[in-house]
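Chain by chain, the residues run as shown.
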Amino acid sequence: MIIGGYQPMSLIDYPGKVCSIVFTQGCAFRCVYCHNPDLIPIKLEDQKSKMLSEEVFAHLEKHRNMIEAVCITGGEPTIQKGLRAFIEKIKGMGFDVKLDTNGIHPNLVRKLIDAGLIDYFAMDLKNVWERYLDVIQSGGSAIVEQCRETFEIIQSSGVAHEFRTTICPGVHTKSDFVEMAGYLKDGETYFIQETQFQKTLKEGLSTEFGFSVPDLVHYLRSIYPSLIIDQR
Ligand code: SF4
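Small disclaimer: the values here were computed from a predicted structure and weren't measured. (Residues numbered from 1 in each chain as written. Predicted model: local features only at pLDDT ≥ 70, side-chain atom pairs only at ≥ 80, totals over all residues. Heavy atoms only, no water.)

Spatially, 1-2-3-4-5-6-7-8 is the arrangement adopted by the 8 strands of the open sheet, whose pairing is mixed. For this open sheet the edge positions go to strand 1 (3–14) and strand 8 (228–231), each flanked by a neighbour on one side alone. This sheet shows a mean twist of 20° between the axes of neighbouring strands, independent of strand direction. Note that strand 1 and strand 2 (residues 17–24) share 6 bridges and pair antiparallel. The residue bridging Gly 5 from the neighbouring strand is Phe 23, located in strand 2. Sitting on the sheet, helix 6 (residues 174–181) is in contact with strand 6 (160–166) and strand 7 (189–193), with an inclination near 160° to strand 7. (Pairing = 2+ DSSP bridges. Helix = DSSP H or I, 4+ residues; strand = E, 2+ residues; numbered from the N terminus. Axes fitted to C-alpha atoms, helices over the stretch in contact; angles between N-to-C directions. Contact = heavy atoms within 4.5 Å.)

Structure, rendered in structure tokens:
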């Protein structure tokens, strides 16, 4: 598996657990607000990636008594050929696994669920399905269908999960969020997060959304009281 980065400890990336974060290298999408553009290029395994892999397992072994889980994020983890073996190794060490995905590989997600390898999913819901491509700037309708399939697989998986949307300047409207929240089922969790403007794939994005995130969250909660909706 091609690892692009490693954060030894986080208190906020796995709900209720102390975790390490593994960043995989490579993503097929081109979201203009991507705050990890260095992780988008798909690369071959190199010395840095091998060293990072060794570092991950050495750190996890050394801090077994403190780390409870590993969050695997990207880039996009599911494009990695070695993802399943990597997760099996982590699970074999006794850690819980959270997988962040953009939803591009429903078949792999289904297999990981069936194998009982994932304890928590976080999936990006990029936009309303009809205008999904406006955010991901890559692929065509088949990709959107794959993301929709993954969304539905996770919804019916029985595995703890959350969906989240990063506000895309110039694309999302308030009514888009009403529609997206409407895709969720009672009791599901939906996070809304702002673009991190310090670093984005496309420079010079507008910082004006036309609405504030707290107001949007409040508004959505009033429409969907059976969902858990919050700002991240
Ligand atoms: S924000 Fe978009 S482009 Fe960046 S890693 Fe995630 S899915 Fe890929």
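The next thing to look at is the packing of aromatic side chains. Enumeration over the complete set of coordinates arrives at 8 aromatic pairs. Between Tyr 14 and Tyr 120 the ring centres are 5.7 Å apart and the planes differ by 50°, which places this aromatic pair in the tilted class. On the criterion of sequence distance, the pair formed by Tyr 14 in strand 1 and Tyr 120 in strand 5 (residues 120–124) is long-range, its members being 106 residues apart. The class of Tyr 14 is buried, set by a relative accessible area of 4%. (Phe/Tyr/Trp six-rings, centres within 6.5 Å; stacked < 30°, edge-to-face > 60°. Buried < 20%, exposed > 50% of the residue type's maximum accessible area, 1.4 Å probe, protein only.)

Of all the positions in helix 2 (residues 83–92), only Leu 83, Phe 86, Ile 87 and Ile 90 are classed as buried. Viewed along the axis of helix 2, the buried residues span an arc of 95°, placing them on a single side of the element. In this structure, the buried side of helix 2 is in contact with strand 1, strand 2, helix 1 (47–62), strand 3 (69–73), strand 4 (96–101) and helix 3 (106–114). (Arc of directions from axis to C-beta.)

Taken together, Cys 27, Phe 29, Arg 30, Cys 31, Cys 34, Ile 40, Gly 75, Asn 102 and Lys 126 form the complete shell of residues around the ligand. Looking at the shell around the ligand, its residues break down into 5 nonpolar, 2 polar and 2 charged. (Near = heavy atom within 4 Å. Nonpolar A, V, L, I, M, F, W, Y, C, P; charged D, E, K, R; others polar.)

What follows covers helix 6. For helix 6, the set of buried residues is Asp 176, Phe 177, Met 180 and Ala 181. On an axial view of helix 6, the arc spanned by its buried residues comes to 130°, and they lie on one face. Where the residues of helix 6 are buried, they touch strand 6, strand 7 and helix 7 (213–223).

Moving on, we get to the environment of Val 159. As for its position among the elements, Val 159 is in the loop between helix 5 (141–155) and strand 6. For the pair Val 159 and Phe 121, spaced 38 residues apart in sequence, the C-alpha to C-alpha distance is 7.3 Å. Once you skip the residues sitting within four places of it in the chain, Val 159 turns out to touch Ile 113, Ile 118, Asp 119, Tyr 120 and Phe 121.

Attention now goes to the packing of helix 1 against helix 2. Between helix 1 and helix 2, whose axes approach to 11 Å, the crossing angle comes to 15°. Taken together, the axes of helix 1 and helix 2 lie roughly parallel to each other. Judged by the twist between their axes, the crossing of helix 1 over helix 2 is right-handed. Along the contact surface, helix 1 presents Val 56, Phe 57 and Leu 60, while helix 2 presents Phe 86, Lys 89 and Ile 90. The class makeup of the residues in the contact of helix 1 with helix 2 is 5 nonpolar, no polar and 1 charged. (Parallel < 35°, antiparallel > 145°, perpendicular 65-115°, else oblique. Left-handed = near helix turned anticlockwise from the far one by under 90°.)

It is worth spelling out the packing of helix 2 against helix 3 at this point. Helix 3 packs onto helix 2 with a crossing angle of 25° between their chain directions and a minimal axis gap of 11 Å. The angle between helix 2 and helix 3 falls in the class roughly parallel. Classified by chirality, the crossing of helix 3 by helix 2 is right-handed. Residues Leu 83, Arg 84 and Ile 87 of helix 2 lie in contact with helix 3, whose contacting residues are Leu 108, Lys 111 and Leu 112.

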